[in-house]
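# Geometric and topological summary
One letter stands for each residue in the lines below.
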Amino acid sequence: MSVERPVVFRNGLVLTMDDAHTVLPGADVLVIGGRIAEVGHHLSAPDDAEEIDASGGIVMPGMIDTHRHLWQTAMRGYGTDWTLTQYFVWYYLESGRHFRPEDIHAGNLLGAIEAIDAGVTTTVDWSHGLQTPQHADAAVDALEAVPGRFVLAYGNIQQGPWEWTTSDGFRDFHRRRVENGRLAGFQLAFDVTGDPAFPEKAAFEVARELGVNVTTHAGVWGATNDEGIRLMYENGFMTPGTVYVHAATLSSDSYHRIAATGGSVSVSTESEQSAGQGYPPTWQLRRHGVPVSLSMDTSVWWSGDLFSAMRTTLSADRSREHLEAHGRQETVTHHALRAEQVVDWATRGGAKALGLDAELGALAPGRKADVVLIKNDDSPAMFPILNAYGHVVFQAQRGDVHTVVIDGRVVKRDGKLVGVDLDAARSKVSSTVDHLRETLGEEAWLKGQNPDLPQSELFDNPYQYTDYSAGEAQWKH
Ligand SMILES: [Zn+2]
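Because the structure is predicted, anything quoted here is derived from the model rather than measured.

### Details of the packing of helix 12 (residues 339-353) against helix 13 (residues 388-395)
Here helix 12 crosses helix 13 at 70°, and the two axes come no closer than 8 Å. One way to sum up the angle between helix 12 and helix 13 is to call them roughly perpendicular. The chirality of how helix 12 crosses helix 13 is left-handed. Every residue of helix 13 that contacts helix 12 at A339, E340 and V343 is listed here: Y389, G390, V392 and V393. The class makeup of the residues in the contact of helix 12 with helix 13 is 5 nonpolar, 1 polar and 1 charged.

### Quick look at the packing of aromatic side chains
As enumerated under the stated definition, the model contains 28 aromatic pairs in all. Centroid distance W90 to F99: 6.4 Å. Interplanar angle 80°. Geometry classified as edge-to-face. Judged by centre distance (4.9 Å) and plane angle (80°), the rings of Y154 and F170 are edge-to-face. Of this pair, Y154 sits in strand 8 (residues 149-154) while F170 sits in helix 5 (residues 168-179); the two residues are 16 residues apart in sequence, bridging distant segments of the chain. Each member of the pair Y154 and F170 is classed as buried. The residue whose ring lies beneath R257 is Y233, and the NZ or CZ to ring-centre distance is 4.7 Å. When the ring centre of Y279 is taken as origin, the NZ or CZ atom of R320, which lies over that ring, is 4.9 Å away.

### Some points on the pairing of strand 14 (residues 371-374)
Residues of strand 14 alternate between two faces, with V371 and L373 on one and V372 and I374 on the opposite face, all of them buried. Here 4 bridges tie strand 5 (residues 58-61) to strand 14, and the two strands are oriented antiparallel to one another. Across the sheet, residue P61 finds its bridge partner in strand 14, namely V371. By the bridge criterion, 4 bridges tie strand 14 to strand 15 (residues 401-406) in an arrangement that is antiparallel. Along strand 15, the bridge assignment pairs I374 with V401.

### So, unusual backbone geometry
Residue F383 is joined to P384 through a cis peptide bond whose omega torsion reads -10°. You can see P384 is positioned in the loop between strand 14 and helix 13. Positive phi, close to 50°, is recorded for H42, a residue that is not glycine. Note that H42 resides in the loop between strand 3 (35-40) and strand 4 (50-53). Note on H42: relative accessible area 73%, which makes it exposed. Of note, the phi angle at F198 is positive, near 50°, even though the residue is not glycine. With respect to the helices, strands and loops of the structure, F198 is situated in the loop between strand 9 (185-189) and helix 6 (201-210).

About the criteria used
Residues numbered from 1 in each chain as written. Predicted model: local features only at pLDDT ≥ 70, side-chain atom pairs only at ≥ 80, totals over all residues. Heavy atoms only, no water. Axes fitted to C-alpha atoms, helices over the stretch in contact; angles between N-to-C directions. Helix = DSSP H or I, 4+ residues; strand = E, 2+ residues; numbered from the N terminus. Parallel < 35°, antiparallel > 145°, perpendicular 65-115°, else oblique. Left-handed = near helix turned anticlockwise from the far one by under 90°. Contact = heavy atoms within 4.5 Å. Nonpolar A, V, L, I, M, F, W, Y, C, P; charged D, E, K, R; others polar. Phe/Tyr/Trp six-rings, centres within 6.5 Å; stacked < 30°, edge-to-face > 60°. Buried < 20%, exposed > 50% of the residue type's maximum accessible area, 1.4 Å probe, protein only. Lys NZ or Arg CZ within 6 Å of the ring centre and 35° of its normal. Pairing = 2+ DSSP bridges.

So, in structure tokens, the structure goes:
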């Protein structure tokens, strides 16, 4: 990326997320040549530096999402009432194959813009709709059109990983767009079903040969389990840098294997809570010393920002601690998980998971300049800021993202995206929605987003002698 004009954030509450988690009130952050030059008080800046007033706001490193199916952003909110079952039927079995390269492009474009707008400066595009190399080209074209950092996790749910990873088309794509491209990183994205024949072995061998990491949905209720982990371990494929997504229904033994081999887990709390992969596992991961990063999974249910990921992750972890304690007739008097740790997972945790922690994840001299200013003078929720980490996790939201700098370049200023064509993304996504709606037919389209409601039983209430179910209250006696 090009080298931009210097930028200096003035007088902000700076969460450096450096090794000591230094917090500096009323401090400046100076960016020169795409890197953090200095963090401190009353910094002198070059004459041509752009001055950004950060007073009343929080300055922090750009957030990092380690697992998002960006292509599905074209279907934003469609699966609101889905479980994982409807998701699998819709994308894997019935409708996913109707996505043309331009549809992958449209979803990626909108999702990539959404990420940077929300202060997510690095996103792993867990792109498992790449049915052909043309689809993959379309995905990367979109990522390269948006000024953020994107890691492509290449996948294809329409074939076995042993098929697409060994195809000439994939190899050619890798040479053209990865070895000679502008991506921030590259992973292979596929799941290990636990089939004792371990057909995924061939795909792991390709990853090893190319020197790239694997990211895999592991510990997903009804889909992947301890057997997949065991097969990976016994075949020597649980390598450092492997990212295990969800890891919500695994045994202690599998968590030990992940921790011992240098892997990490990408936790998508909102997804695990609603779709049913298993209980959000941070309460277990902490006990097993497994490194954590955060992710949003897919905008087919939830918006793509890490504020909600941080908030739900902290809440789900505490919720579980209370529940477990109450089961033992005990009371939790002190929380084990703090907001500070969750902000760490959203920044440093993501950088570590991607092997980019020497460059990203902290505001420290020499690091690449991915900086977010959270500030909203019109919001009553942005004052007073007494607990900086708590404010990021429990008070702030994506509308409070005031300024975003990526690689030293201002991509959002005063709450407005800079140099990004949102209208073009909007019109491409509209075409994709029209295409899918036409291809599926109106009945299937409507049925797809309205799953049948299961029978649920209403308990008889012995204290209730008024029947409110009728149009107006009726005395029973
Ligand atoms: Zn996923």
